[in-house]
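Descriptive structure summary
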Amino acid sequence: MTPSPRTSRSALRRAAISVLTAASVGPFASCGSGDSSSEPTDREPVTTTPVTTESAPEVNDYGLPTIRLEFDDRTLPVAEPLADGIYYSQDALSDGTMTRFVLGQWFKCDTGVPDQPDVLCASGFGTLDEPSAEVPLAPDATVTINTGDLSDLTQADVSAEEFARLAAGDPPSAGAPDFTFYDFPTFVRVEDGVVVEANQIYTS
């Protein structure tokens, strides 16, 4: 099942986390060839090194996935002051230029979480919505996003600027692969009060 845009977090929380696979998104290339019409017939033909097309800088906005945040049985709890580490993002709020992640806590569990009775577990995991906190995405952060679906678990890295546009509902940049952005659950790494890395996770 592929969630529709703006699918509620409650629906996504009931889904199982699927294994991530690497996306393969790279610049297109074209080969030029020299004009050998003026070359003497007893010489080897002149060849040139392949060069990238004009679309390459746009395509490079979507690079190979590099962020995969891992933890033990739970992400860090939201507390004051907010410690550095890995958190679960319940939502990504964006005005098109800046993103703020709403943090909660994510648990791996089969039957329940004894020390957190408010956590309802389904499909092997559960979340705690409160306490929560909003943390901005650093301007130089990298975000690994899902660019496929459950039949094509591809991902790509994007800049904080591109992610802010996507989270606000704007279309992908001109050089993006053909995909639809969804607000999938996301893990984030917080350092000094800002998100420095983030990666979406596939759910089924």
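In short, a report on the structure. (Residues numbered from 1 in each chain as written. Predicted model: local features only at pLDDT ≥ 70, side-chain atom pairs only at ≥ 80, totals over all residues. Heavy atoms only, no water.)

A covalent bond between the sulfur atoms of two cysteines is what we call a disulfide. This structure, assessed with the given rule, holds 1 disulfide. Residue cysteine 109 pairs covalently with cysteine 121 via a disulfide, S to S 1.9 Å. The S-S bond linking cysteine 109 to cysteine 121 shows a torsion near -110°; that makes this disulfide left-handed. One end of the pair, cysteine 109, is in the loop between β4 (99-108) and β5 (125-146); the other, cysteine 121, is in the loop between β4 and β5, and 12 residues separate them in sequence. For cysteine 109, a relative accessible area of 6% translates into the label buried. (Disulfide = S-S within 2.5 Å. Helix = DSSP H or I, 4+ residues; strand = E, 2+ residues; numbered from the N terminus. Buried < 20%, exposed > 50% of the residue type's maximum accessible area, 1.4 Å probe, protein only.)

In this chain, glutamate 80 is followed by proline 81 through a cis amide linkage whose omega measures 0°. Each neighbour pair has its own omega, and for glutamate 130 with proline 131 the value is 0°, a cis peptide bond. Even without a glycine there, the phi angle at aspartate 192 is positive, about 55°. Take aspartate 192: its relative accessible area is 70%, and that puts it in the exposed class.

With respect to the secondary-structure elements, glutamate 134 resides in strand β5. Measuring from C-alpha to C-alpha, the distance between glutamate 134 and leucine 93 comes to 9.0 Å, with 41 residues separating the pair along the chain.

Let us now look at the environment of glycine 148. Its place among the elements puts glycine 148 in the loop between β5 and β6 (155-159). Between the alpha carbons of glycine 148 and threonine 180 there is a distance of 8.0 Å; along the sequence they are 32 residues apart. Those residues in contact with glycine 148 that lie beyond four places of it in its chain are Thr154 and Tyr202. (Contact = heavy atoms within 4.5 Å.)

Following the criterion strictly, the structure yields 10 aromatic pairs and no others. Seen from their ring centres, tyrosine 182 and phenylalanine 184 are 6.0 Å apart, and the 85° between their planes marks the pair as edge-to-face. A relative accessible area of 2% means that phenylalanine 184 is categorised as buried. Ring geometry for phenylalanine 184 versus tyrosine 202: centroids 5.6 Å apart, planes at 65°, classification edge-to-face. Placement of phenylalanine 184 in the loop between α3 (160-167) and β7 (186-191) and of tyrosine 202 in the segment after β8 (194-200) is noted, with a sequence separation of 18 residues between them. Relative accessible area serves as the criterion here: at 0%, tyrosine 202 is assigned to the buried category. Ring-pair connections join several aromatic residues into one group, and the members of that group are Phe71, Tyr88, Trp106, Phe125 and Phe187. Above the face of the phenylalanine 71 ring, lysine 108 is positioned so that its terminal group lies 5.5 Å from the ring centre. (Phe/Tyr/Trp six-rings, centres within 6.5 Å; stacked < 30°, edge-to-face > 60°. Lys NZ or Arg CZ within 6 Å of the ring centre and 35° of its normal.)

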